[in-house]
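The primary structure of each chain is shown beneath.
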Amino acid sequence: MDAKRKNDFSQGSIAKNILSLAIPLTVAQLTVVLYNVVDRAFIGHIGQVGRDAFTGIGLVMPVTYIITAFANLCGTGGAPLCSIARGRGDDKKAARIMGVSFTFLLLLGAGLTVLFYLFHEPILYLVGGSPETVAHAKDYLLLYLAGTIPVMIGLGMNPFINAQGFGRTGMMTTLLGAVINLILDPVFIFALDMGVRGAALATVIAQTCSAVWVLVFLTGKNALLRLDRGSLGLDGPILRRVCSLGLTGFTFSVTNSLVQALGNAQLQTYGALSGGSAQGNLYVAAMTAITSVREIVFQPIRGLTQGAQPVIGYNYGAGRYSRVRESVRFLTVSCLSYNVAVWLLLLAFPHVFILLFNDDPGLLEVGVRTMRIYYAAYFFMSFQMIGQNTFVALGRARMAVCFSLLRKVALVTPLILLLPRLWGLGAYGVFAAEPVSDVIGGLTCYITMMCTVWQEMKQPDRV
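Cut-off values and rules
Residues numbered from 1 in each chain as written. Predicted model: local features only at pLDDT ≥ 70, side-chain atom pairs only at ≥ 80, totals over all residues. Heavy atoms only, no water. Helix = DSSP H or I, 4+ residues; strand = E, 2+ residues; numbered from the N terminus. Rg over C-alpha atoms; globule rule 2.2 N^0.38 Å. Contact = heavy atoms within 4.5 Å. Areas by Shrake-Rupley, 256 points an atom, 1.4 Å probe, with all protein chains shown as cover. Axes fitted to C-alpha atoms, helices over the stretch in contact; angles between N-to-C directions. Parallel < 35°, antiparallel > 145°, perpendicular 65-115°, else oblique. Left-handed = near helix turned anticlockwise from the far one by under 90°. Nonpolar A, V, L, I, M, F, W, Y, C, P; charged D, E, K, R; others polar. Polar contact = N/O pair within 3.5 Å; in protein donor to acceptor, adjacent residues only side chain to side chain. Core = buried A, V, L, I, M, F, W, Y, C linked by side-chain atoms within 4.5 Å. Buried < 20%, exposed > 50% of the residue type's maximum accessible area, 1.4 Å probe, protein only. Salt bridge = Lys/Arg side-chain N within 4 Å of Asp/Glu carboxyl O. Expected span 1.5 Å × (residues − 1). Phe/Tyr/Trp six-rings, centres within 6.5 Å; stacked < 30°, edge-to-face > 60°. Patch = residues over 30% accessible without salt bridge, like charges linked within 9 Å, V, L, I, M, F, W, Y side chains within 5 Å. Lys, Arg positive; Asp, Glu negative; His and termini not counted. pLDDT = per-residue confidence, 0-100.

Visitor: Tell me about the overall build of the chain, residues and numbers included.
Guide: Scanning the chain from terminus to terminus reveals 15 helices and zero strands. Here the C-alpha atoms of the chain give a radius of gyration of 22 Å, agreeing with the 23 Å that 2.2 N^0.38 yields for 463 residues. Projected onto the principal axes, the alpha-carbon positions of the chain cover approximately 70 × 45 × 35 Å. A sequence separation of at least 24 residues applies to 83% of the contacts in the chain between residues at least 6 apart. By element, 67% of the accessible surface of the chain is carried by carbon and sulfur atoms, the whole surface being about 17400 Å².

In structure tokens, the structure reads:
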């Protein structure tokens, strides 16, 4: 069986098609997260400065989210369009979409590197830094920025491998980098006594290896859609469509960055009111640990929903509407089952997750209390991801962006500003903003998707 027929998503079991992409994609995304989470875990256990160094890495997180956002703009914008074009049998257009996305990604990576090098210090103070923590953040960030373009290639171009049905190859992209990162981290941080800078250097080397792997595959003979000179360059109409659809992934990461930055600043402010800058640093450290845990447990849901995108998009392009509905049903059952189990685990054993990053008694006490607040309604995020990724898979960019903005901008941001002022919540109000937005944002997105897309997909298949 040739590759094109093998990767025809209009045939075979929907569950098998989705899982064939989702499982390796989930493994791949988990390893991407491990680049940063493993760094934080090692950094949090660096002798006497571990807690301040760990808090400093929390200040860098908004910057890494911005870099991820621009990679997502190209990857999550171009890859679904490739799937739709493939479903319609237009491989030439699909390859051109990939080439335009790659060209734009390189330009964005160069611009971001220069921007963050020039303004790194004011940015770190703006997102809740203190003199004790900014020093560690600078040591990490200035080295990490050297890997901006490689990390964007790995994140932004890997979706084009998955869109062609090569889920295992996509998984290897980040497995390669994760293994290298895991080996180099303890060597650079502890054996060579490089501390925070060692963690950053290990990450840059690992990201570069992942980027090389992606480029070797996409320019090689095994790819269905090949990245070559003829496909490169900018094309206005294609770029507008890529950016329009990619706004969902872009908005998701940018708003994560803004919320993380605003949350850190609010925690520093309200913590300082109750116990000085040391208390503010403690709350920021707790938020860093909690969001690090979220990055890990969230990846299977992201893997399932993004793994379904090529299947949904291909079947939509091929006029197989019944298979689109079947995909949505499968996502609903699988995502909810997983997230309910994770939700119960996090509420029952929060201390286990906090201890992964630091064993400071003060951080453990605050972290346990705030984790239970933050994750109070976590499983409702399933509805947000199912609805939003269905819109993306079908090319409904405006709807997808709308619900991404609703949750983070219209809900979380004002709640972070408002709740600390109510009922004496103080810093705990920052953590309480998350469950409120999970419930409202998740249900609104899913119900809208069911009232629009689901109803539309009830039309007969176009055979």
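Visitor: Describe the packing of helix H4 (residues 91-126) against helix H6 (residues 148-163), listing the residues and the values that go with them.
Guide: In contact at an axis separation of 9 Å, H4 and H6 are set at 155° when each is read in the N-to-C sense. As summarised for this structure, H4 and H6 are arranged roughly antiparallel, according to the angle between their axes. The crossing of H4 and H6 is right-handed. On H6, the residues that touch Met98, Ser101, Phe102, Leu105, Leu106, Leu108, Gly109, Ala110, Leu112 and Thr113 of H4 are Thr148, Ile149, Met152, Ile153, Gly156, Met157 and Phe160. The class makeup of the residues in the contact of H4 with H6 is 12 nonpolar, five polar and no charged.

Visitor: Account for the packing of helix H10 (residues 321-348) against helix H13 (residues 381-393), naming residues and giving values.
Guide: Interhelical geometry of H10 versus H13 gives an angle of 150° and a closest axis separation of 9 Å. Here H13 runs roughly antiparallel to H10, going by the angle between their axes. In terms of crossing hand, the pair formed by H10 and H13 is right-handed. On the side of H10, the interface is formed by Val328, Leu331, Thr332, Cys335, Leu336 and Asn339, while H13 contributes Met381, Ser382, Phe383, Ile386 and Thr390. In terms of residue class, the contact of H10 with H13 is built from seven nonpolar, four polar and no charged.

Visitor: With reference to specific residues and values, describe the side chain of threonine 76.
Guide: Tracing the sequence through the fold places threonine 76 in helix H3 (residues 50-87). A polar contact of 2.5 Å, which involves the side chain of threonine 76, links it to the backbone oxygen of asparagine 72.

Visitor: Now, about the nonpolar core: what can you tell me, with residues and values included?
Guide: In this structure, Tyr140, Met152 and Met157 are the most contacted members of the largest nonpolar core, which totals 141 residues. Per element, the largest residue contribution to this core is 29 residues, and it comes from helix H9 (residues 236-317).

Visitor: Please set out the pattern of salt bridges residue by residue, giving values where relevant.
Guide: Considering all chains together, one arrives at eight salt bridges under this definition. Among the ionic pairs, aspartate 438 bridges to arginine 407, the shortest N-O distance being 2.5 Å. With aspartate 438 in helix H15 (residues 428-456) and arginine 407 in helix H14 (residues 397-418), this pair connects stretches of sequence that are 31 residues apart. A relative accessible area of 0% means that aspartate 438 is categorised as buried. When its relative accessible area of 3% is taken as the criterion, arginine 407 is described as buried. Each of Arg294, Arg407, Glu434 and Asp438 takes part in a single network of salt bridges with overlapping partners.

Visitor: Can you lay out helix H12 (residues 361-374) for me, pointing to particular residues and giving the numbers?
Guide: Under the 1.5 Å per step criterion, the end-to-end length of H12 is 20 Å for 14 residues, consistent within 8% with the ideal 20 Å. Residues of H12 that are buried: Leu363, Val366, Gly367, Val368, Thr370, Met371 and Tyr374. N-capping of H12 is provided by aspartate 360, with a side-chain oxygen placed 3.0 Å from the backbone N of glycine 362.

Visitor: Please set out the packing of aromatic side chains residue by residue, giving values where relevant.
Guide: The description of an aromatic ring pair rests on the distance of the ring centres and on the angle between the ring planes. Overall, the coordinates contain 12 aromatic pairs when judged by the stated rule. For the ring pair tyrosine 140 and tyrosine 144, a centre distance of 5.8 Å and an interplane angle of 20° mean the geometry is stacked. Highlighted residues: tyrosine 140 and tyrosine 144, both in helix H5 (residues 131-144), separated by four residues, approximately one helical turn. Side by side, tyrosine 140 and tyrosine 144 carry an identical accessibility label, which is buried. By way of ring pairs, the aromatic residues Trp343, Phe379, Phe380, Phe383 and Tyr446 are connected into one cluster.

Visitor: Residues and numbers for the environment of alanine 223, please.
Guide: Residue placement: alanine 223 occurs in the loop between helix H8 (196-218) and H9. Sequence separation of alanine 223 and asparagine 181 is 42 residues, and the distance between their C-alpha atoms is 27 Å. Setting aside anything within four residues of it in sequence, one finds alanine 223 in contact with Gln164, Phe217 and Leu218.

Visitor: Describe a nonpolar patch on the surface, listing the residues and the values that go with them.
Guide: Taken together, the side chains of Val114, Leu115, Leu118 and Phe119 define a hydrophobic patch exposed on the protein surface, amounting to about 380 Å² of accessible area. Its place among the elements puts phenylalanine 119 in helix H4.

Visitor: Could you give an account of the side chain of arginine 323, naming the residues involved and the relevant values?
Guide: One can find arginine 323 in helix H10. Despite being buried, arginine 323 has no salt bridge partner; glutamate 326 is the closest side chain of opposite charge, sitting 5.0 Å away. Ignoring sequence-local partners within four residues, the contact set of arginine 323 consists of Phe9, Ser10, Gln11, Gly12, Ser13, Ile14, Asn17 and Asn315.

Visitor: If you had to explain the confidence of the model for the chain to someone new, which residues and values would you point to?
Guide: Counting all residues, the mean pLDDT for the chain is 85, and 94% of those residues have values of 70 or more. The low-confidence segment residues 1-6, where pLDDT is below 50, has six contacts with residues more than four positions distant or belonging to other chains.

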